[in-house]
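# Chains, contacts and geometry: an overview
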Amino acid sequence: MIKTILFWLENSRVFSLPITLLSWLVIFVYSLKEGGNILNGAVALIGIAFAHLATNLFDDYIDYKKLTENSQKCKCSYIKEGKAALDDVLKVVFIYCFFACLAGLFLLLRCGLPVIGLALIGGIITLIYAKLSQKGLSELAVGIAFGPLLFEGVYFVMTGKFSLVVLIMSLAVVMFTIGLLYVHTLLDFEGDMYAHKKTLVCRIGDKGKALKGVFIVYGLGYVFTLMLAFLLKNYLILLTLLLVPLIFDMYNSIKTFTCGGEVKEFYFRLLKARNLMVYFAILIVLSLIVNI
C-alpha cells in the first residue's frame, strides 16, 4: 500500500507541492496577522494540495495520447513502461478530487456560500488545464489558480473577507510560479513544436525570443512586489531583490539545453526555477513574520 501511494505521488509530481505549500504559507501568515482561523486555513491547504496533484496527473492523462519521439524521456514514462494504465491514472485523479471536495464541503459548512464559487473555479481549472495548456493558456490558468483564487480563497475562509492587498500579494507571488511553468515549456519547446502543441512559448515560435520572456515574467513579479512593499509599508519585502542574480543564472542555463536530452539535465534546470519561487516565498513569509 505504501509503495503504491509513493508511486502515485511521484508520478503526480509531488516535488512541485512546495509551490502550493509556500504560496499557501504566505497568505496563511498574513491572514493570521488579521486574526484568521487556523483550522480553516489548514483544511484549505489540504484541498488545494489534492487539487494540485489531480491537475498534474490529469495533464499526463491528456498528454500521453499526443507524445512524440523527441518529447522528454521522463514525460509519462510510468505509462510508457507499462507500470500503470490510463484507466489507473484516471482513477487516482478521481481519488484526489474526492479528497479536495471533502475539504471544500467542510469549508462550505463553516464559511458559507462563497466557498462554492471559489471551489467551482478551482474545479474547472483542474479539469480543463490540459486543454488550456495545449492552447497556450496554461500560464493564465496557473496565474488564476495559484494567484488570486488561492490567496483570496484562503484569506476568505480564514477571515471572512476579501482584500486588495491580498490581490497584489497574490500577483507578486504567482509570477514566480508562472515563471516555473514558463521555464518548463521552454525546456519542452522542441517536443511541443513537433507535437503541434500551442503553449505560449510555441506560439511565440522562436526559442530565442521566447527565452527573453523569462525577464518579462519575473520583472512583473518584482513590479507587484514593490507595490506590496509600499502598500504594507514593509520594506523587508525588498530583500527578495537579492534573488535577481539567480534569474540570470537560470536564463543562461536554459540557453544550453535542448529538448529530448538527459532527464537529469532537464530537472537540473527546472529545479532552478522551482527554487527561485521557494526562496522568494520564504523571504516574503519571513518579512511578514518579522513585521507582525
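Look a little higher up for the structure.
What comes next is a walk through the structure. Only a predicted model underlies this, so the values are computations on that prediction, with no experimental measurement involved.

## A look at helix α7 (residues 138–159)
Helix length check: α7, at 22 residues, gives a terminal C-alpha distance of 30 Å against a target of 32 Å (1.5 Å per residue), a fit within 8%. Maximal helix bending in α7 amounts to about 35°, located at Leu150. Trailing α7 by a residue or two, Gly160 shows a phi angle of about 80°, which is positive.

## Observations regarding a positive patch on the surface
Residues Lys131, Lys135, Lys198 and Arg203 make up a contiguous surface patch of positive charge. Note on placement: Lys131 falls in helix α6 (residues 114–134). Here Lys131 falls in the partly exposed class, since its relative accessible area comes to 46%.

## Comments concerning the packing of helix α8 (residues 164–187) against helix α11 (residues 207–232)
In contact at an axis separation of 8 Å, α8 and α11 are set at 165° when each is read in the N-to-C sense. For the element pair α8 / α11, the angle class is roughly antiparallel. Handedness of the α8/α11 crossing: left-handed. Considering only residue class, the contact of α8 with α11 consists of 23 nonpolar, 4 polar and 1 charged.

## Observations concerning the pattern of salt bridges
If the charged atoms of two oppositely charged side chains come close together, the side chains can form a pair. Applying the stated criterion to the full structure yields 1 salt bridge. Across the pair Asp249 and Lys272 runs a salt bridge, and its minimum N-O distance is 2.7 Å. Remark: Lys272 occurs in helix α13 (residues 263–291) and Asp249 occurs in helix α12 (residues 244–255); sequence separation between them is 23 residues. Taking the relative accessible area as the measure of exposure, Lys272 reaches 22% and is therefore partly exposed.

## Describing the layout of surface pockets
Where empty space is left can be seen by rolling a probe of water-molecule size over the atoms. Roughly 160 Å³ of internal volume is contained in the second largest pocket. If you go around the second largest pocket, the residues you meet are Met1, Thr4, Ile5, Trp8, Leu9, Phe50, Val92, Ile95 and Tyr96. Counting residues per element, the ones that place at least two in the lining of the second largest pocket are α1 (2–11) and α5 (86–111). At 4 residues, α1 tops the list of elements feeding residues into the lining of the second largest pocket. In terms of residue class, the lining of the second largest pocket is built from 8 nonpolar, 1 polar and no charged.

Each value, and the rule that gives it
- Residues numbered from 1 in each chain as written.
- Predicted model: local features only at pLDDT ≥ 70, side-chain atom pairs only at ≥ 80, totals over all residues.
- Heavy atoms only, no water.
- Helix = DSSP H or I, 4+ residues; strand = E, 2+ residues; numbered from the N terminus.
- Expected span 1.5 Å × (residues − 1).
- Bend = angle between axes of the 7 residues up to and from the residue.
- Patch = residues over 30% accessible without salt bridge, like charges linked within 9 Å, V, L, I, M, F, W, Y side chains within 5 Å.
- Areas by Shrake-Rupley, 256 points an atom, 1.4 Å probe, with all protein chains shown as cover.
- Salt bridge = Lys/Arg side-chain N within 4 Å of Asp/Glu carboxyl O.
- Lys, Arg positive; Asp, Glu negative; His and termini not counted.
- Charge placed at Lys NZ, Arg CZ, Asp CG, Glu CD.
- Buried < 20%, exposed > 50% of the residue type's maximum accessible area, 1.4 Å probe, protein only.
- Axes fitted to C-alpha atoms, helices over the stretch in contact; angles between N-to-C directions.
- Parallel < 35°, antiparallel > 145°, perpendicular 65-115°, else oblique.
- Left-handed = near helix turned anticlockwise from the far one by under 90°.
- Nonpolar A, V, L, I, M, F, W, Y, C, P; charged D, E, K, R; others polar.
- 1 Å grid on protein atoms, 1.4 Å probe; cavity = no way out; pocket = protein on both sides within 12 Å on 5 of 7 lines; lining within 4 Å.
- Points joined across faces, edges and corners; volume = space filled by probe spheres on them.

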